[in-house]
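# Structural characterization, general
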Amino acid sequence: MRTEPTPDPAVVDLLRAATKVTVMTGAGMSAESGVPTFRDAQTGLWEEFDAASLATPEAWEDDPEMVWPWYLWRARMVRGVEPNAGHLALAELARHKDVRLVTQNVDDLHERAGSDVLAHLHGSLLAFRCTDCGAPAPEPELPEEPTSRAMPPVCAECGGYVRPGVVWFGESLALEPFEAAERAHEDADIVLVIGTSGVVFPAAALPITSRGLGIPVVEINPDETELSDLVQHAWRTTAAAGLPLLVEAATRPV
Ligand SMILES: NC(=O)c1ccc[n+]([C@@H]2O[C@H](COP(=O)([O-])OP(=O)(O)OC[C@H]3O[C@@H](n4cnc5c(N)ncnc54)[C@H](O)[C@@H]3O)[C@@H](O)[C@H]2O)c1
Ligand SMILES: [Zn+2]
């Protein structure tokens, strides 16, 4: 484990020598942009709920009018923030390496930083669709102030409720992005795992697969996680502080 302000020279060397770089990001990647992680205390109107109980098909079935404004508020928050220095560093890395970016995040901050995202494992907050027929729905108006209850709009095709395009706890991941993410974790020279607690499966299984194949896995996270004991290198720093230093050190001309 390393808490130094500079990256481990062994990690710099691995990244410098790598051609295929697989990157897996979680909510911590966007924390310094101002998007709260799930494990952070919930705030505002939803503080008495934990995210795991709002982000479920059961919550939607039981009370869509309560769940819907939570998503409007989160979508609004994402629209109002900017990519951080970590997102930008990953986009820069892709100018030097074959980067395969896999994210659990439902925001669009990697794309706005200029990265191509191989797989959004958990979907997108900003892609709305019909609960019943799956037809894509236009982005609803995002309110300035959150409200405690609001009716979801209805689908133009079938009249079903419009839902956010995220994967809820208990739902299956879309097959295509998951398979692309699996291939990227099986065939890489190095895997960087950034800002994920490693508790949400099957996403957390991907770097474990890489490790089992002997691929070096590097964790970037200010705190210890479920994956920390499995990785070769853990750097206790944040995405926005650590990634620019690592990318600069590994791509600097020698
Ligand atoms: N921005 C988003 O899109 C967003 C936000 C909240 C939750 N989610 C969803 O929540 C699920 C939870 O899993 P998860 O593992 O992604 O998130 P998580 O909330 O379980 O864990 C966040 C991790 O990020 C670390 N972290 C906090 N600040 C950091 C920083 N500045 N730099 C680097 N790491 C930092 C924490 O130590 C923690 O390990 C995911 O499925 C994701 O879809 C997404
Ligand atoms: Zn419909």
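## Details of the overall build of the chain
Per the secondary structure count, the chain includes nine helices and nine strands. On C-alpha atoms alone, the chain measures out to a radius of gyration of 19 Å, which is about the 18 Å that the 2.2 N^0.38 rule sets for 254 residues. In terms of overall dimensions, the chain has a C-alpha envelope of 60 × 35 × 30 Å along the principal axes. Each of the 254 residues in the chain was classed as buried or not, and the buried ones make up 51%. Counting only contacts in the chain whose residues sit at least 6 apart along the sequence, the fraction spanning at least 24 positions is 72%. Counting only carbon and sulfur atoms, one obtains 51% of the accessible surface of the chain, whose full area is about 11900 Å². Across the chain, the 18 positively charged side chains and the 39 negatively charged ones have centroids separated by 7 Å.

## Section: the domain arrangement of the chain
It is common to give the size of an interface as the accessible area lost on bringing the parts into contact. As far as domains go, the chain holds domain 1 (1-35 + 83-122 + 172-254) and domain 2 (37-80 + 125-166). With centres defined by C-alpha atoms, the gap from domain 1 to domain 2 works out at 28 Å. Facing the 13 residues of domain 1 at the interface are 10 residues of domain 2. Counting each side, the surface lost to burial between domain 1 and domain 2 is near 820 Å², with a carbon and sulfur contribution of 60%. The largest per-residue losses of area from domain 1 upon contact with domain 2 belong to Val35, Val106 and Asp108, which jointly make up 46% of the total buried on that side. If you look at where domain 1 meets domain 2, you find one salt bridge. Where Arg79 meets Asp108, a salt bridge forms, and the shortest distance between an N and an O atom there is 3.7 Å.

## Description of the coordination of the zinc ion (ligand 2)
On the protein side, the zinc ion (ligand 2) has Cys130 (SG), Cys133 (SG), Cys155 (SG) and Cys158 (SG) as donor atoms, found 2.3 to 2.4 Å from it. One can describe the site at the zinc ion (ligand 2) as tetrahedral: its four donor atoms subtend angles covering 100 to 117° at the metal. Using a relative accessible area of 43% as the deciding quantity, one classes Cys133 as partly exposed.

## Notes on the sheet that holds strand S5 (residues 136-137)
Read from one edge to the other, the open sheet built from three strands follows the order S5-S4-S6, with strand pairing classed as antiparallel. Strands with a single pairing partner mark the edges of an open sheet, and in this sheet they are S5 and strand S6 (162-166). Pairing geometry for strand S4 (residues 123-130) and S6, over five bridges, is antiparallel. Looking at S6, one finds that Phe128 is bridged to Pro164. Strands in contact with helix H4 (residues 64-79) are S4 and S6; relative to S4, the strand with the most contacts, it is inclined by about 135°.

Definitions and limits used
- Residues numbered from 1 in each chain as written.
- Chains lettered and ligands numbered in written order.
- Predicted model: local features only at pLDDT ≥ 70, side-chain atom pairs only at ≥ 80, totals over all residues.
- Heavy atoms only, no water.
- Helix = DSSP H or I, 4+ residues; strand = E, 2+ residues; numbered from the N terminus.
- Rg over C-alpha atoms; globule rule 2.2 N^0.38 Å.
- Buried < 20%, exposed > 50% of the residue type's maximum accessible area, 1.4 Å probe, protein only.
- Contact = heavy atoms within 4.5 Å.
- Areas by Shrake-Rupley, 256 points an atom, 1.4 Å probe, with all protein chains shown as cover.
- Lys, Arg positive; Asp, Glu negative; His and termini not counted.
- Charge placed at Lys NZ, Arg CZ, Asp CG, Glu CD.
- Domains from an automatic or database assignment.
- Buried area = accessible area lost by both parts, 1.4 Å probe.
- Salt bridge = Lys/Arg side-chain N within 4 Å of Asp/Glu carboxyl O.
- Donors = N, O, S within 2.8 Å, 3.2 Å for Na, K, Ca; no water.
- Tetrahedral: all angles 85-135°; square planar, octahedral: opposite > 155°, others 65-115°.
- Pairing = 2+ DSSP bridges.
- Axes fitted to C-alpha atoms, helices over the stretch in contact; angles between N-to-C directions.

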